[in-house]
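The primary structure of each chain is shown beneath.
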Amino acid sequence: MRIGMVLGLILGLAGCSLYFDPGRQVDAGRQVDAGRQVDACGQDAVGDASVDFAAACRAPDGAAISLDASHVAEHLAGRWWLCGGAAEFFGNVEFTADMHFYMLSQVAGQFVRNLGPTTSGTYSVDPSPAGISFSIHQRYQDGSGAGYPLLGHIEETPRKLLLGGGYYIAIP
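Bear in mind that the values here come from a model prediction, so they are computed numbers and not experimental data. (Residues numbered from 1 in each chain as written. Predicted model: local features only at pLDDT ≥ 70, side-chain atom pairs only at ≥ 80, totals over all residues. Heavy atoms only, no water.)

Caption draft 1: Quick peek at unusual backbone geometry. Residue P158 is bonded to the preceding T157 through a cis peptide linkage, with omega at -5°. In this structure, P158 sits in the loop between β9 (150-155) and β10 (160-163). The backbone phi angle of M99 is positive, close to 70°, even though this residue is not glycine. Of note, M99 is situated in the loop between β4 (93-95) and β5 (100-107). A relative accessible area of 28% places M99 in the partly exposed class. Of note, A108 is a non-glycine position whose phi angle comes to about 50°, a positive value. Position of A108 among the secondary structure elements: in the loop between β5 and β6 (110-113). (Helix = DSSP H or I, 4+ residues; strand = E, 2+ residues; numbered from the N terminus. Buried < 20%, exposed > 50% of the residue type's maximum accessible area, 1.4 Å probe, protein only.)

Caption draft 2: Looking closely at the state of the cysteines. Here the structure, examined in full by the defined rule, presents 1 disulfide. In this model C57 forms its disulfide with C83; the gap between the sulfur atoms is 2.0 Å. Its S-S torsion of approximately -80° makes the covalent link between C57 and C83 left-handed. Of this pair, C57 sits in helix α2 (residues 53-58) while C83 sits in strand β3 (residues 78-86); the two residues are 26 residues apart in sequence, bridging distant segments of the chain. (Disulfide = S-S within 2.5 Å.)

Caption draft 3: Broad picture of the packing of aromatic side chains. Applying the stated criterion across every chain, the model contains 7 aromatic pairs. Here the aromatic rings of F53 and F111 are separated by 6.3 Å at their centres, their planes lie at 90°, and the arrangement is edge-to-face. Of this pair, F53 sits in helix α2 while F111 sits in strand β6; the two residues are 58 residues apart in sequence, bridging distant segments of the chain. Residue classification places F111 among the buried residues on the basis of a relative accessible area of 15%. Measuring from ring centre to ring centre gives 5.3 Å for F89 and F95, while their planes differ by 90°; the resulting arrangement is edge-to-face. Of the aromatic side chains, those joined through ring pairs into one cluster are F89, F95, F101, Y123 and Y140. When the ring centre of Y102 is taken as origin, the NZ or CZ atom of R113, which lies over that ring, is 4.2 Å away. (Phe/Tyr/Trp six-rings, centres within 6.5 Å; stacked < 30°, edge-to-face > 60°. Lys NZ or Arg CZ within 6 Å of the ring centre and 35° of its normal.)

Caption draft 4: Fine view of the pairing of strand β8 (residues 134-140). Where burial is concerned, most of β8 is hidden: 5 out of the 7 residues are buried. The pairing of strand β7 (residues 120-125) with β8 spans 5 bridges and is antiparallel. Looking at the pairing, G121 lines up with Y140 of β8. As paired strands, β8 and β9 are joined by 3 bridges and run antiparallel to one another. Bridge pairing links S135 to L151 in β9. (Pairing = 2+ DSSP bridges.)

Next up, the structure:
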């Protein structure tokens, strides 16, 4: 039996969901208030005890990096903690250099990818000249997604991301 199925069964028996359910009031990884998130069971998600995500979210902004469209995916790649805002990904998210994304949940203190049809998908980068701003288009596995480009920029130190309506910090 696949580990995801076993994990899903365990979470299901515990009354939790491994996948986001946009219709529920308490979604896995949903922002509750500034710097506070809940896990798949609706409990406070503290993440790695050595990382103070709330403090990292409050850290002063750094300089935005300049890049062209061909380098956006490599700089976007990684896991991102949602600090706040009206984010189109509904919480913490991971982007890969091969242009996939996965919403993240915390299970037993670890970040895990959500693989559902409305919690993972692909993205494309709009062509653009070198600069600090870029735009992407998201597409969930079920074919849905924002009908508009998500504008963003990345700050290197500290590593932050502004994308669409949300702002994020890098998850180590």
